[in-house]
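Now for the letters of each chain:
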Amino acid sequence: MRVTALLICCCLAWGGLGKPTFPEQEKDPMFWNNWAQKTLMNALTLQKLNQNRAKNIILFLGDGMGIPTVTAARILKGQLSGLNGEETQLEMDKFPFVALSKTYNTNAQVADSAGTATAYLCGVKANEGTVGVTAAAVRSQCNTTEGNQVTSILKWAKDAGKSVGIVTTTRVNHATPSAAYAHCVDRDWFSDNEMPPDAVQAGCKDIARQLFENIPNIDVIMGGGRKYMFPKNVSDVEYPGEKKHSGTRKDGRNLVQEWTDRMANKKGHYVWNKRELLSLNPNNVDYLLGLFEPGDLPYDLERNSDTDPSLTEMVDVAIKVLRKNPRGFYLLVEGGRIDHGHHEGKAKQALHEAVEMDRAIGRAGLLTGTHDTLTVVTADHSHVFNFGGYTPRGNTIFGLAPMLSDVDQKPFTSILYGNGPGFKVLNGARENVSTVNYQENNYQAQSAVPLRMETHGGEDVAIFSKGPLAHLLHGVQEQNYIPHVMAYAACIGQNQGHCGSESGGSSHSPTLPSLIALLSVLRWLC
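Residues numbered from 1 in each chain as written. Predicted model: local features only at pLDDT ≥ 70, side-chain atom pairs only at ≥ 80, totals over all residues. Heavy atoms only, no water.

## Here's the deal with the overall build of the protein
Consideration 1: Helix and strand counts for the protein stand at 15 helices and 19 strands.
Consideration 2: In terms of overall dimensions, the protein is globule-like: its C-alpha atoms have a radius of gyration of 24 Å, near the 24 Å expected for 526 residues.
Consideration 3: With respect to the principal axes defined by its C-alpha atoms, the protein has extents near 70 × 60 × 50 Å.
Consideration 4: Nonlocal contacts in the protein, meaning residues at least 24 apart in sequence, comprise 72% of its contacts between residues at least 6 apart.
Consideration 5: For the protein, the accessible surface area stands at approximately 22,800 Å², while carbon and sulfur atoms represent 55% of it. (Helix = DSSP H or I, 4+ residues; strand = E, 2+ residues; numbered from the N terminus. Rg over C-alpha atoms; globule rule 2.2 N^0.38 Å. Contact = heavy atoms within 4.5 Å. Areas by Shrake-Rupley, 256 points an atom, 1.4 Å probe, with all protein chains shown as cover.)

## Observations regarding helix α9 (residues 255-262)
Consideration 1: Of the positions making up α9, those classed as buried are Leu255, Val256 and Trp259. Within α9, the buried residues cover an arc of 100° as seen down the axis, which keeps them to one side.
Consideration 2: Considering only its buried residues, α9 is in contact with α8 (207-213), β5 (268-271) and β6 (287-291).
Consideration 3: N-cap assignment for α9: the residue whose side-chain oxygen lies 3.2 Å from the backbone N of Val256 is Asn254. (Buried < 20%, exposed > 50% of the residue type's maximum accessible area, 1.4 Å probe, protein only. Arc of directions from axis to C-beta. Polar contact = N/O pair within 3.5 Å; in protein donor to acceptor, adjacent residues only side chain to side chain.)

## Notes on the packing of aromatic side chains
The geometry of two aromatic rings is summed up by the distance between their centres and the angle between their planes.
Consideration 1: A full pass over the atoms with the stated rule returns five aromatic pairs.
Consideration 2: Relative to Trp32, the ring of Phe31 has its centre 4.8 Å away and its plane inclined at 80°; by these criteria the two rings are edge-to-face.
Consideration 3: Look at Trp32 and you get partly exposed, because its relative accessible area is 40%.
Consideration 4: When the centroid spacing of 5.6 Å and the interplanar angle of 70° are considered together, the rings of Phe31 and Trp35 count as edge-to-face. With Phe31 and Trp35 both in helix α2 (residues 29-44) and four residues apart, the pair spans about one turn of that helix.
Consideration 5: Given the relative accessible area of 38%, Trp35 is considered partly exposed.
Consideration 6: One aromatic cluster is present, formed by Phe31, Trp32 and Trp35 through successive ring pairs. (Phe/Tyr/Trp six-rings, centres within 6.5 Å; stacked < 30°, edge-to-face > 60°.)

## Considerations on helix α3 (residues 67-80)
Consideration 1: Here α3 contains 14 residues, and its C-alpha end-to-end distance of 20 Å stays within 8% of the 20 Å for a straight helix at 1.5 Å per residue.
Consideration 2: Of all 14 residues making up α3, ten are buried, and the element is well covered by its neighbours.
Consideration 3: Within α3, the full set of buried residues consists of Pro68, Thr69, Val70, Ala72, Ala73, Arg74, Ile75, Leu76, Gly78 and Gln79.
Consideration 4: The secondary structure elements touched by the buried residues of α3 are α12 (337-343), α13 (347-367), β10 (385-387) and β18 (461-466).
Consideration 5: Where α3 terminates, the next one or two residues include Gly82, which has phi positive at roughly 85°. (Expected span 1.5 Å × (residues − 1).)

## Re the confidence of the model for the protein
Consideration 1: Of all residues in the protein, 91% attain a pLDDT of 70 or more, and the chain-wide mean is 93.
Consideration 2: Taken as a whole, residues 1-19 scores under 50 in pLDDT and shows 20 contacts with residues more than four places along the chain or in a different chain.
Consideration 3: With pLDDT under 50 throughout, residues 510-526 is counted as low confidence; its partners more than four residues away or in other chains account for six contacts. (pLDDT = per-residue confidence, 0-100.)

## Here we look at the pattern of salt bridges
Consideration 1: All chains considered together, the criterion is met by 33 salt bridges.
Consideration 2: Here Glu24 and Lys27 are joined by a salt bridge, their closest N and O atoms 3.2 Å apart. Each member of the pair, Glu24 as well as Lys27, carries the same accessibility label: exposed.
Consideration 3: Measuring nitrogen to oxygen at the nearest pair gives 2.8 Å for the salt bridge that ties Glu213 to Arg253. Highlighted residues: Glu213 in helix α8 and Arg253 in the loop between β4 (220-224) and α9, separated in sequence by 40 residues.
Consideration 4: Taken together, the salt bridges that share partners define one network made up of Lys205, Arg209, Glu213, Arg253 and Glu258. (Salt bridge = Lys/Arg side-chain N within 4 Å of Asp/Glu carboxyl O.)

## Focus: the environment of Ile153
Consideration 1: When you line up the elements, Ile153 lands in helix α5 (residues 153-159).
Consideration 2: Not counting chain neighbours up to four residues away, the residues in contact with Ile153 comprise Ile57, Leu121, Tyr330, Pro483, Met486, Ala487 and Ile492.

## Observations concerning the sheet that holds strand β13 (residues 415-420)
Consideration 1: Across the sheet, three strands lie side by side as β10-β13-β16; this open sheet has mixed pairing. The sheet terminates laterally at β10 and β16 (447-450), the two strands that pair on one side only. Across the sheet, the mean angle separating the axes of adjacent strands is 20° when strand polarity is ignored.
Consideration 2: In this sheet, β16 lies alongside β13 in parallel orientation, the contact comprising three bridges. (Pairing = 2+ DSSP bridges. Axes fitted to C-alpha atoms, helices over the stretch in contact; angles between N-to-C directions.)

## Some words on the pairing of strand β8 (residues 373-379)
Consideration 1: Among the seven residues that make up β8, seven are buried, leaving the element largely enclosed by the rest of the structure.
Consideration 2: Side chains of β8 alternate between two faces, with Thr373, Thr375, Val377 and Ala379 and Leu374, Val376 and Thr378 buried alike.
Consideration 3: Pairing analysis gives seven bridges linking strand β1 (residues 56-62) to β8, with the strands arranged parallel. Note that in β8 the partner of Phe60 across the bridge is Val377.

## Digging into the pairing of β18
Side-chain positions along a regular strand alternate between the two faces of the sheet.
Consideration 1: In terms of residue burial, β18 counts as a mostly covered element, since six of its six residues are buried.
Consideration 2: The sheet contact formed by strand β2 (residues 97-102) and β18 spans five bridges and is antiparallel. If you follow Phe97 over to β18, its bridge partner there is Ser465.
Consideration 3: In terms of strand pairing, β8 meets β18 through four bridges, oriented antiparallel. Within β18, the position partnered with Val376 by the bridge is Ser465.

## Things to note about the sheet that holds strand β19 (residues 476-478)
Consideration 1: If you walk across this open sheet you meet the ten strands as β5-β6-β4-β3-β7-β1-β8-β18-β2-β19, and the pairing is mixed. With one partner strand each, in any of the chains shown, β5 and β19 form the two edges of the open sheet. In this sheet, adjacent strand axes meet at a mean angle of 15° when their direction is disregarded.
Consideration 2: Running at roughly 175° to β8, helix α14 (residues 481-490) makes contact with β1, β2, β7 (329-335), β8, β18 and β19 of the sheet.

Below is the structure:
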């Protein structure tokens, strides 16, 4: 008991020693006034809107990156640099335009990642658990697929002659990336091994197969998911002795070999580790397939920096390959394991994933320009994650609140979950967090309701945007509005009537036919 009491006192004392420490200049009102005036001057420059055509379009998708996650990641980013954290700017914070996205699925108030991916990639809302199909398709019912397929902005870009790419920290056939190329009534049909026999017999295709067949010339594909590409029981190249990582395909196909054969004379390269990836000269690569793990990539905190590339490194190579196309490119980048960290109640893993995605956003900004590149950062949904407890300025984001509970007289961490695996009762009472290492990488923050896996949250998520026509992402919008704006800015898909010349970076000039079409749509809606 003495040790416990001492730990509690030490943890809480910092918050109670006089006034919180903060920069001396913040006591001077001129500091705040000058900062606000500088921000105002920058805002005034936005009155001259960027109406260029977007040669390049990039979507960064933080899976599960709700607004509380953005705020906590901002603080963590600052604290990793030795700052208090609250005053830090994420790369996405620097984007001039911000909107809110309504994330519900057609059949779900609190969405899943498949139906949302269909919305922000294909432009239509859909049922949970389905990708690349309309709401007329029913989850797991193969016979509802045909006739209900919808195409994505990645295909619109490819059809327009642009190069296209997918980069993710999850499996390349996971929910988010799969909506870019697949039409599947079940997000879990990763390979034919995960499909019911009747669905296979009825002609439905697994998602891994669709990756290579539906849009056969995707220029860059990087992420995890190796095992779904190889015949069942074929040993994995990296983990040959571990059966759980062996191939899963029942049809006997080696999709990687098929891709390699098809790209043999097209400057195509398949890589499975960081060394191979970074040894490539992007100028000599037209097609790139990188599968770095049998399943999802490891959390960034657990990543082997010798064998597994970071999200930033993958984005760097992807853009250098894609930008060679004079017609520009479309790139989908997913920070997919933010979501996994939250589901497991491991806030430290989730927030470090968000910070790494922000690094990737910064890297993309250095490789492109706002003159001709529209960059959008958003999330598919949120989580029941939050932080509070009247913590003082500079309090470590993974630390304790500066008080004991006035009900059970025990300390509590600032970060908490509404539900999840962190619910723990010992001897009929809430666990005393001062007796465990709550700053450990895999610590599961306490939750109010016990669940094996924490759930998504239903609130709106942010949309950050910069570049040509970024101002069209404004206000509170339905999630499926996002690809329509991106396509309009790039003059692809159905949004071409307003476009002028072919040259990238040229201004948009609405034409009479496009205005008539717009009025017709408005009349129909009314």
